[in-house]
Amino acid sequence: MSEVKTQKPTIVAPPDGYSQPGFFATSLEKAVGLARKNSIWPQPFATSCCGIEFMAVMAPHYDLGRFGSERLSYSPRQSDLLMVMGTISKKMGPIVRQVYEQMAEPKWVLAMGACASSGGIFDTYSVLQGIDKVIPVDVYVPGCPPRPEQIIDGLLLIQDMVSKESFRKRQSPEYKELMTKYGMENQ
Ligand code: SF4
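Quick caveat: nothing in here was measured; it's all calculated off a predicted structure.

Description of the overall build of the protein
Looking only at helices and strands, one finds six helices and six strands in the protein. Along the protein, from the amino end to the carboxyl end, the secondary structure elements read β-β-α-β-α-β-α-β-α-β-α-α. On the principal axes, the C-alpha backbone points of the protein span a range of 70 × 45 × 25 Å. Considering only residue pairs separated by 6 or more positions, the protein has 73% of its internal contacts joining residues 24 or more positions apart. Summed over its atoms, the accessible surface of the protein is roughly 11,100 Å², and 58% of this surface lies on carbon and sulfur atoms. Each charge class in the protein was averaged separately, 20 positive and 19 negative side chains, and the resulting centres sit 3 Å apart.

This is how it looks when you write it as structure tokens:
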């Protein structure tokens, strides 16, 4: 009878570092990046059909909790990823911006679907042609609506950015310039 080898599942891969029997060393930045990456608290800002697709992502079949993001935050002050999904009218633009401004640094933004990314099919006087007109966006997920796999892919891209982000990024001249472009103060 052949021997069945069982491998211990790795929940989270360790960051780059130096290891020898009995110890593992890495930088504080990488350790913090690992923790942040695997505990992102999303703030869903859903206005229409893309929000329904997002519900599927939270349900057991796709289960965003597998990536450490099962805890949705309905308070901007307790979230670090703003997920905007759905058509955003021009009247709603200042509200999206207010929610973003209430979030503490470091924070990231994912625009989900054609409407949030570019206005989608609604090229009209009343619809904001992309949320990047009012807030900076880190990842755009295309589709109308995007498939749950695409949304998960977007979150994985955000996770990658989070884990590699330098402590100094938010104090860098480039980041300050970006905030100034949007008329916001770096918090
Ligand atoms: S991108 Fe398509 S599915 Fe998503 S909110 Fe717009 S119209 Fe609805």
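Points about the nonpolar core
Counting 21 residues, the largest nonpolar core has Phe54, Leu64, Leu81, Met83, Leu110, Met112 and Ile158 as the members making the most contacts within it. Contributing elements (two or more residues each) for this core: α2 (49-58), β4 (81-85), β5 (108-112), β6 (139-141) and α5 (148-164). Among the elements that line this core, the one with the most residues is α5, at five residues. In this structure Met112 touches Cys50, Glu53, Phe54, Val84, Met85, Gly86, Val141, Pro146 and Ile151, once residues within four positions along its chain are discounted. Core analysis: the next-biggest nonpolar cluster, separate from the first, contains 20 residues, Leu82, Val96, Tyr100 and Ala116 among them.

Details of the sheet that holds strand β3 (residues 42-46)
Across the sheet, which stays open at both edges, the four strands sit in the order β3-β4-β5-β6 with parallel pairing between neighbours. Pairing within the sheet leaves two strands with one partner each, and these edge strands are β3 and β6. Within the sheet, the average angular offset between the axes of one strand and its neighbour, ignoring direction, is 15°.

A word on the pattern of salt bridges
Under the defined criterion, the tally for this structure stands at six salt bridges. Residues Lys164 and Asp160 are paired through a salt bridge, measuring 3.1 Å at the closest nitrogen-oxygen approach. With Lys164 and Asp160 both in helix α5 and four residues apart, this pair spans about one turn of that helix. Among the salt bridges present, the one from Glu165 reaches Arg170, with a minimum N-O distance of 2.8 Å. Arg170 shares its class with Glu165; the two are buried. Through salt bridges with shared partners, a single ionic network connects Glu105, Glu165, Lys169 and Arg170.

Thoughts on the environment of Val99
By the element assignment, Val99 lies in helix α3 (residues 93-102). Those residues in contact with Val99 that lie beyond four places of it in its chain are Gln43, Phe45, Pro76 and Leu82.

Details of the site of the ligand
Neighbouring residues of the ligand: Ser48, Cys49, Cys50, Gly86, Thr87, Ala114, Cys115, Phe122, Gly143, Cys144 and Pro145. Within the residue set of the shell around the ligand, elements represented by two or more residues are α2 and α4 (113-118).

Some words on the layout of surface pockets
Of the voids in this model, the largest pocket is the one considered here, and its volume is about 260 Å³. Along the wall of the largest pocket there are 13 residues; nearest its centre are Pro15, Asp16, Lys30, Ser163 and Lys164. Looking at the lining of the largest pocket, the elements with two or more residues in it are α1 (28-37) and α5. With five residues, α1 is the largest single contributor of residues to the lining of the largest pocket. Here the residues of the lining of the largest pocket are counted per class, giving three nonpolar, three polar and seven charged.

What counts and how
- Along every chain, residues carry numbers that run from 1 in the direction the sequence is written.
- Owing to the predicted nature of the model, reporting of local features is limited to residues with pLDDT of at least 70; listing and counting of side-chain atom pairs is limited to 80 or more, with chain, interface and lining totals taken over all residues.
- Side-chain calculation: all heavy atoms of the structure are included, whereas hydrogens and water are not.
- Labels follow the DSSP assignment, with helices taken as runs of H or I lasting at least four residues and strands as runs of E lasting at least two, numbered in each case from the N terminus.
- Residues are treated as being in contact if the distance between any of their heavy atoms lies within 4.5 Å.
- Here the Shrake-Rupley method, with its probe set to 1.4 Å, supplies the accessible areas, and only the displayed protein chains count as covering residues.
- We treat Lys and Arg as the positive residues and Asp and Glu as the negative residues; His and chain ends play no part in the count.
- Note that the charge is assigned to NZ on lysines, CZ on arginines, CG on aspartates and CD on glutamates.
- For this analysis, a nonpolar core means a set of buried residues of the types Ala, Val, Leu, Ile, Met, Phe, Trp, Tyr and Cys, connected via side-chain atoms within 4.5 Å.
- Note on classification: 1.4 Å probe, protein chains only; a residue is buried when its accessible area is under 20% of the maximum for its type, exposed when over 50%, partly exposed between these limits.
- DSSP-based pairing: two strands are paired if at least 2 bridges between them are found.
- The convention used is that axes are lines fitted to C-alpha atoms, helices contributing only their stretch in contact, and that angles between N-to-C directions extend from 0 to 180 degrees.
- Whenever a carboxyl oxygen of Asp or Glu lies within 4 Å of a side-chain nitrogen of Lys or Arg, that contact is scored as a salt bridge.
- We call a residue near a molecule or strand as soon as one heavy atom of that residue lies within 4 Å of the molecule or strand.
- The method works on a 1 Å grid over the protein atoms by themselves. A cavity is a set of points holding a 1.4 Å probe that cannot get out, a pocket is an open set with protein on both sides within 12 Å along at least five of seven lines, and residues with an atom within 4 Å of a point line them.
- Grid points are joined across faces, edges and corners, and a volume is the space filled by probe spheres set on the points.
- Residues are grouped as follows: Ala, Val, Leu, Ile, Met, Phe, Trp, Tyr, Cys and Pro are nonpolar; Asp, Glu, Lys and Arg are charged; all remaining types, including Gly, are polar.

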